[in-house]
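Spelled out from the first residue to the last, the chains are:
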Amino acid sequence: MINQLLGRGVHGEIASQIITTIADTITIKVIENVIRQIGKPPAKFVFMVTGSEGRKEQTLSTDQDNGIIYEDKANEQREMVREYFLDFAKRVSDDLNTIGFVYCKGEFMASNPKWTHSLSHWKRNYEEWINETVPENAMKFSTLFDCRYIYGEEAIINELKDFIQDQLRVPNERFFTFIAKNALQYEAPLTFFKRIKTQTIGKAEVFDIKTAMSPIVDLLRVYALKNGINNENTGERMKKLQEVGVFSKEQYQELHHSYYYLMALRLKNQVHQINIEKKMPDNYIEISRLTKIERVTLTEIFKTISNFQQGIRMKFTGSLS
């Protein structure tokens, strides 16, 4: 289906959202099936998705990134409630893995007891991540800020997001400087002479398109945090940031075109790997399979990303506007 859509010129943004919609539907069916198996939950809860699924940017090579927030209960009920949701989370995760949404290697899943907690516990987590700026916390916060409701009581995740925004309104330039520097660790794959930088895998010269896209995703997340923008999707964040004056119309158009050109190329490559090469899709693109026009376009896009990063580096005297 994605192959047909891209072949007809459908925008990469739309294709990615279609994949996400299908994945959401499957996940909801799995959740409902598990509830039928083990009985009604003993507390209100929300099942949230994070990472690329949280941003509505899933591709054909994806894993699980999710968590559970349940309402706080009286002391005598806490252990029973937690036991239910840990069992529930493991069953959901196992079923998703069986279907093809594989386990997250970093274990950012509800089946990991670290990511299934009461609302008050989640609030304490975020408060700690914001106030204690260490590398491990920056990674967790980046992954878990892109969180999105998928099933349950949406009011629970909305309360958490309101709490996060309240925490971020307190002046904390050290936090923003730290997560922005963390976001700048990935560079566009360009050599000193502005050619596409590759690595050798087997006999092929390839570049990692997921890593190439990361600077846009990560830096827009920082800008969204700084400006109190709750949208999870990268394209929606761009649009909101233009509306509040952070980006000019020209900057928005450049970033939007760059990001979704890369997204479409990423999906086309994965479709080719599945349909033609008959292998599990990944994010490595062989340079030899690109046309001359595609190579030139990619080089210009990577220059745009580098300029975007350089502009932000120059602002790092302690604040990010």
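It should be emphasised that the depicted structure is a prediction, and the values quoted were computed from it without experimental measurement.

Rules and cut-offs
- Residues numbered from 1 in each chain as written.
- Predicted model: local features only at pLDDT ≥ 70, side-chain atom pairs only at ≥ 80, totals over all residues.
- Heavy atoms only, no water.
- Helix = DSSP H or I, 4+ residues; strand = E, 2+ residues; numbered from the N terminus.
- Rg over C-alpha atoms; globule rule 2.2 N^0.38 Å.
- Buried < 20%, exposed > 50% of the residue type's maximum accessible area, 1.4 Å probe, protein only.
- Pairing = 2+ DSSP bridges.
- Axes fitted to C-alpha atoms, helices over the stretch in contact; angles between N-to-C directions.
- Parallel < 35°, antiparallel > 145°, perpendicular 65-115°, else oblique.
- Left-handed = near helix turned anticlockwise from the far one by under 90°.
- Contact = heavy atoms within 4.5 Å.
- Nonpolar A, V, L, I, M, F, W, Y, C, P; charged D, E, K, R; others polar.
- Phe/Tyr/Trp six-rings, centres within 6.5 Å; stacked < 30°, edge-to-face > 60°.
- Core = buried A, V, L, I, M, F, W, Y, C linked by side-chain atoms within 4.5 Å.
- Expected span 1.5 Å × (residues − 1).

(A) Expanded view of the overall build of the protein chain. When you go through the protein chain residue by residue, the secondary structure sums to 12 helices and seven strands. The C-alpha radius of gyration computed for the protein chain amounts to 20 Å, which stays within 12% of the reference 20 Å derived for 321 residues, consistent with globular compactness. Reported as C-alpha extents along the three principal axes, the dimensions of the protein chain are approximately 65 × 50 × 35 Å. Within the protein chain, the fraction of its 321 residues that count as buried is 50%.

(B) Structural view of the sheet that holds strand E7 (residues 284-286). Across the sheet, which stays open at both edges, the three strands sit in the order E5-E6-E7 with antiparallel pairing between neighbours. Both edges of this open sheet fall to strand E5 (199-201) and E7, since each of them pairs with a single strand only. With direction set aside, neighbouring strand axes in the sheet form an average angle of 50°. Pairing of strand E6 (residues 204-208) with E7 involves three bridges; the strand directions are antiparallel. Bridge pairing in E7 links valine 206 to glutamate 286.

(C) Here's a closer look at the packing of helix H8 (residues 173-183) against helix H9 (residues 209-226). Relative to each other, H8 and H9 sit at 165°, their axes nearing to 8 Å. When the axes of H8 and H9 are compared, the pair comes out roughly antiparallel. Classified by chirality, the crossing of H9 by H8 is left-handed. Of the residues in H9, those touching H8 at Glu173, Phe176, Ile179, Ala180 and Ala183 are Asp218, Leu219, Val222, Leu225 and Lys226. Split into classes, the residues belonging to the contact of H8 with H9 amount to seven nonpolar, no polar and three charged.

(D) Molecular detail of the packing of aromatic side chains. Across all of its chains, the model carries 18 aromatic pairs by this definition. Seen in terms of ring centroids, phenylalanine 85 and phenylalanine 88 are 6.3 Å apart; in terms of plane orientation they differ by 90°. Their pairing is edge-to-face. In this pair, phenylalanine 85 and phenylalanine 88 both sit in helix H4 (residues 75-99), three residues apart, roughly one turn of the helix. Of the two residues, phenylalanine 85 and phenylalanine 88, neither departs from the other in class, the shared state being buried. A centroid spacing of 5.9 Å and a plane angle of 80° characterise the contact between phenylalanine 207 and phenylalanine 302, whose relative ring orientation is edge-to-face. Of the two residues, phenylalanine 207 sits in strand E6 while phenylalanine 302 sits in helix H12 (residues 292-313), which places them 95 residues apart along the sequence. For the pair shown, phenylalanine 207 and phenylalanine 302 are each scored as buried.

(E) The arrangement of the pairing of strand E1 (residues 45-49) in detail. Along E1, five of the five residues are buried, which leaves the element largely enclosed by surrounding structure. Residues Phe45, Phe47 and Val49 line one face of E1 and the alternating positions Val46 and Met48 line the opposite face, and both faces are buried. As paired strands, E1 and strand E2 (residues 66-70) are joined by five bridges and run antiparallel to one another. If you follow methionine 48 over to E2, its bridge partner there is glycine 67. Here four bridges tie E1 to strand E4 (residues 148-152), and the two strands are oriented antiparallel to one another. Paired with valine 49 across the strands is arginine 148, a residue of E4.

(F) The sheet that holds E1, seen in detail. A sheet is described by the order of its strands in space; here four strands give the open sequence E3-E2-E1-E4, paired in mixed fashion. The sheet is open, and its two borders are formed by strand E3 (116-118) and E4, each paired with just one other strand. Recorded for the sheet is a direction-independent mean angle of 30° between the axes of neighbouring strands. Packing against the sheet, H4 makes contact with E1, E2 and E3, and its axis sits at approximately 155° to E2.

(G) Examining the nonpolar core more closely. Formed by 70 residues in total, the largest nonpolar core has its most connected members in Ile69, Trp122, Tyr126, Phe141, Phe207 and Phe302. Per-element accounting of this core gives the leading share, 11 residues, to H9. Ala23, Phe47, Ala89 and Ala110 belong to the second largest nonpolar core, which has 21 residues in total.

(H) The arrangement of the packing of H9 against helix H10 (residues 234-243) in detail. Between H9 and H10, the least distance of the axes is 10 Å, while the angle of their chain directions is 45°. The pairing of H9 with H10 is recorded here as oblique in orientation. Taken as a pair, H9 and H10 cross one another with a handedness that is left-handed. Contacts from Ile216, Val217, Leu220, Arg221, Tyr223 and Ala224 of H9 reach H10 at Thr234, Arg237, Met238 and Leu241. The residue makeup of the contact of H9 with H10, split by class, is seven nonpolar, one polar and two charged.

(I) Examining H4 more closely. For H4, spanning 25 residues, the distance from its first C-alpha to its last is 37 Å, which sits close to the expected 36 Å at 1.5 Å a residue. Those residues of H4 lying buried are Val81, Arg82, Tyr84, Phe85, Phe88, Ala89, Val92, Ser93 and Leu96. The inward-facing, buried residues of H4 abut helix H2 (12-38), E1, E2 and E3. Immediately beyond the C-terminal end of H4, within one or two residues, lies glycine 100, with a positive phi of roughly 140°.

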